[in-house]
Amino acid sequence: MAGAVGGTLLSPLPWKLTDDAAIWSQNWFWRPSPARGEITRKPTVCALCEGGCGVQARLVDGKRAILLEGNPNHPVNQGGICALGAAGLQFLYAPYRIAQPLKQTKRRGDPTGFQPIAWNEAVGELAKKLGQMRADGKPNGLAGITRRRCSSMDALLNQFFAAYGSPNLFKMPAHADSLKLAGAVTTGREAPFGCNIEDAPYILSFGAGLVEGWGSPGRMQAAFRRWRQGGKSAAKIVQVDSRCSTTAAMADRWIAVPPGTEAALALGIAHLMVKDKLYDAEFMADRVFGFEDWTDSQGKNHKGFKFLVQTDAYTPEAISKLTGVDPAKIRELAKEFGTQKGAVAVWGQPQGSVPKDMYNELSFLALNALKGNIKAGGAIGLAPEVPLGALPELPGDPSALKGLKQLRLDLASSQKGPPPVLPGNNLHGFLDAVSNGGKYPIEVMLVHEANPAYGLCENKLFQQALTKIGTLVSLSSYMDETAQQADLILPIHTAFEGFDDVIGIPGAPYAYYGVCAPVLKPHLNTKAAGDIVMSVAKQLGGSIAAALPWASHEEYLKKRAEGLAASARGALADKKGVELWKLQPEEAVKPNYKDGADLWKKLAGGACWYDAPVDPLKDLKTESGKFELAAQLLLAKGQTGDDDQVYLPHFSQVPPRGSDKDYPLLLVTYQMSALADRDLANPPFMTKTVFDFILRQNDQFVEINPATASELGMAEGDSAVLKTPQGEVPVRVHLYAGARPKVVYLAQGLGHKAYDEYIKDKGVNANGVVEVQLDRVTGLGTVWAARAHLRRA
């Protein structure tokens, strides 16, 4: 018997029959197969990130989307599409979508406790709760966290919170938070800086993951194609990074530095540019305040940036001790950057999810100022405002005014010294205040399109705060880690099912507006987030309903677009060949649309609106009327220190918590284009592209240098435990010569505890072991490294 079985298995006959059966079965009419029918394409703008890329969905009979591809007519991505966009339809049809409103009927976090609830009951329950809080004189007990910042949904939520009377609306942290405040310090305008990177012949990148999708993945893909075409569009890329990232590997030159010292190298280069007179002297003399020594309004004399950067702290030898970069190489970089016409310095993470230390921001801006880049026609500008239709003025309701007079909880309940002089979007400070019993309780928290339980650095802060929050309401499309903790879930459409918009592109100096029109009708019992907020406002009635008067979210967006048309500014990019990077500051762009209706029709058809960059030095709002390297705003806000460097760009580094003895290594996390970070889980198609030395089945690898592995007695593939002062996670070891010795590198975007079998428990969540440090000036939660220990499992 055994011999017969063995003989059958060894014979090719059964395998041949199986193969034939598989081929024959393709003709069986009852077999499941994709729907067949007329294939059409519907263009729109992708809303999966803030990159503003144009995409088009391939539809079967207009009923089912089967493919997303780049729109070749769109000027941002020019036909390209990133991995997240290409896999975007997996979010639409994902089994972890929330199909209807749910109410938790058991203990918070118990998945068996969610019970369906009708939409009118769910909205009515929330409105009743909020109405009672207003009646009790506690509107400031409402808090909110949203992911959206480059969207009209952000303005809508701000309007709702202001009309209701709560100052506690926060956004998930982003690099834009610190960039905006750097804009306020140096120009008097709270706007992020953008860079005309496409035309730069020389790019000095301080950790900016250009290939990984810096700012806008589609824009960077198109820019890289230009740079590598050669000829006039060629660019030399120098990447300063502690790890040989994808961008470093594809750059013309990689300068390896220890984590967190990029700004020190920038100031070392600035030192030599000043010393060797390689800077734009006319620009610094005429348009910059604080380069030379200065006198404040009280008559007190202060040292300027020229003096500070020429001190011994920034000589090539001193910077070499900090960065390990040979002094001769620093001199070479300074000469190359200082003499190359059009050279620009860029910085920031690929997906821009972490604010930076204010003095780091100012240091990189100072390097660009020395090049004369921050002026009309220069490479660096301020993101222009998009003249969308304004929202109704608030009527000044007494209940709302009473709530708004309360200090935001992060400022009212600072447990760790005085509040920051220039407070920003301090979500970490807010959660810390709630956890420690703030000045007043948070009774209801709305979380909109965000997943702080997973995606917030040091995410345990959210979990701790949640124990002090009365009711958590999730406006999410997916049963993610935050929705699992909710008391009430109001499911919203995914991207491609409902109307949305994108206002501006992170990192771009020109004005941009795109409408994310649905490609399909919603196939679950979901609503647009805007419609939910408006429904709640209507039930609350009075001044709150009057503040949000639109019949639907779509109508609201149309009104915004009508305002855009009324400005008679900008034009539509509705055909191939529009080159946004060639727009000059203040250039008159002639409208090519008839009116608001025509503009909306074309925007909803996949076209985008654009306008010229602004002159970053026009109508400056600073005390001096110039670009300020010496930040008088900080002086006016009460910033004090032992010396004048507190007003100037300088390098200082707050050491991570813990001791060298207990934690002899540093942990640095990194982002990849193949891994969605922050609030979206990695779709399975993307996960399939992740190398098996980063994720193998459910095991995630950390990268360490072979020399470090040898010291630890570890070999390729070994199982280990990575421990930081924040916690510990199981990992495996990958030896990588591109990893800096004594540093452990961990990829972000894995380690979910929610969703489905293709996402859950794959790898570890880097956000649980990183360390957040609150910036001394802004209070923003910054991240550069955590002390770490790696031991064999």
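Residues numbered from 1 in each chain as written. Predicted model: local features only at pLDDT ≥ 70, side-chain atom pairs only at ≥ 80, totals over all residues. Heavy atoms only, no water.

In this section: the pairing of strand β27 (residues 699–704). Counting buried positions over the six residues of β27 gives five, a clear majority of the element. Here strand β26 (residues 695–696) pairs with β27 via two bridges, running antiparallel. In the sheet register, L695 faces β27, and the bridge partner there is Q700. Between β26 and the antiparallel strand that follows it, β27, lie two residues; Q697 among them carries a positive phi value of about 55°. Two elements, β27 and strand β29 (residues 727–735), share four bridges in a ladder whose sense is parallel. If you follow E703 over to β29, its bridge partner there is H734. (Buried < 20%, exposed > 50% of the residue type's maximum accessible area, 1.4 Å probe, protein only. Helix = DSSP H or I, 4+ residues; strand = E, 2+ residues; numbered from the N terminus. Pairing = 2+ DSSP bridges.)

The subject of this paragraph is helix α7 (residues 175–187). When the terminal C-alpha atoms of α7 are compared, their 18 Å separation across 13 residues agrees well with the 18 Å that a helix rising 1.5 Å per residue should span. Summarising burial for α7: 11 of the 13 residues are buried, a large majority. Every buried residue of α7 is accounted for by H175, D177, S178, L179, L181, A182, G183, A184, V185, T186 and T187. On the buried face of α7, the contacting elements are β8 (193–195), β15 (344–347), α15 (358–370), β16 (380–382), β24 (627–628) and α26 (632–636). Phi for G188, located one or two positions after α7, is positive at around 85°. (Expected span 1.5 Å × (residues − 1). Contact = heavy atoms within 4.5 Å.)

This paragraph deals with empty space enclosed by the protein. Applying the stated criterion across every chain yields a total of eight cavities of 30 Å³ or more. In this structure, the largest cavity encloses a volume near 830 Å³. What lines the largest cavity is a set of 44 residues, and nearest its centre among them are E262, Q349, K356, V783 and W784. A breakdown of the residues in the lining of the largest cavity according to their chemical character gives 19 nonpolar, 16 polar and nine charged. (1 Å grid on protein atoms, 1.4 Å probe; cavity = no way out; pocket = protein on both sides within 12 Å on 5 of 7 lines; lining within 4 Å. Points joined across faces, edges and corners; volume = space filled by probe spheres on them. Nonpolar A, V, L, I, M, F, W, Y, C, P; charged D, E, K, R; others polar.)

Moving on, we get to the confidence of the model for the protein chain. Should pLDDT be low for a region, the predicted coordinates there are not to be read in detail. Summing up the model confidence of the protein chain, the mean pLDDT is 93 and the portion of residues at 70 or higher is 95%. Within the model, pLDDT remains below 50 along residues 1–10, and this stretch shows two contacts once partners closer than five positions in the same chain are excluded. (pLDDT = per-residue confidence, 0-100.)

Two packed helices can be described by the angle between their axes and the distance between those axes. One can describe the packing of helix α5 (residues 119–135) onto helix α6 (residues 152–164) by two numbers: an axis separation of 11 Å at closest approach and a directional angle of 40°. In terms of their interaxial angle, α5 and α6 are classed as oblique. For the pair formed by α5 and α6, the contact residues are L130, M133 and R134 on the first element and F160, A163 and Y164 on the second. Here the residues of the contact of α5 with α6 sort into five nonpolar, no polar and one charged. (Axes fitted to C-alpha atoms, helices over the stretch in contact; angles between N-to-C directions. Parallel < 35°, antiparallel > 145°, perpendicular 65-115°, else oblique.)

What follows is about the sheet that holds strand β23 (residues 608–611). Read across the sheet, four strands follow the order β20-β21-β23-β22 without closing on themselves; strand pairing throughout is antiparallel. Among the strands making up the open sheet, the edge pair consists of β20 (500–503) and β22 (571–573). Each adjacent strand pair in this sheet contributes to an overall mean axis angle of 25°, direction not counted. Across four bridges, strand β21 (residues 511–516) lies against β23 in antiparallel orientation. Within the sheet, the bridge partner assigned to Y513 lies in β23 and is W609. With respect to the sheet, helix α25 (residues 596–604) is in contact with β21, β22 and β23, its orientation differing from that of β21 by roughly 70°.

Our focus in this paragraph is the pattern of salt bridges. Between side chains of opposite charge, a pair can form as their charged atoms come close. If you walk through the whole model with that rule in mind, you get 38 salt bridges. Between E554 and K558 there is a salt bridge, with its nearest N and O atoms 3.7 Å apart. Of this pair, E554 and K558 both sit in helix α24 (residues 553–566), separated by four residues, roughly a single helical turn. Taking the relative accessible area as the measure of exposure, E554 reaches 31% and is therefore partly exposed. The exposure class assigned to K558 is partly exposed, which follows from its relative accessible area of 34%. Close ionic contact of R791 with E728 constitutes a salt bridge, the shortest N to O distance being 3.6 Å. Of this pair, R791 sits in strand β33 (residues 786–792) while E728 sits in strand β29; the two residues are 63 residues apart in sequence, bridging distant segments of the chain. Look at R791 and you get partly exposed, because its relative accessible area is 34%. (Salt bridge = Lys/Arg side-chain N within 4 Å of Asp/Glu carboxyl O.)

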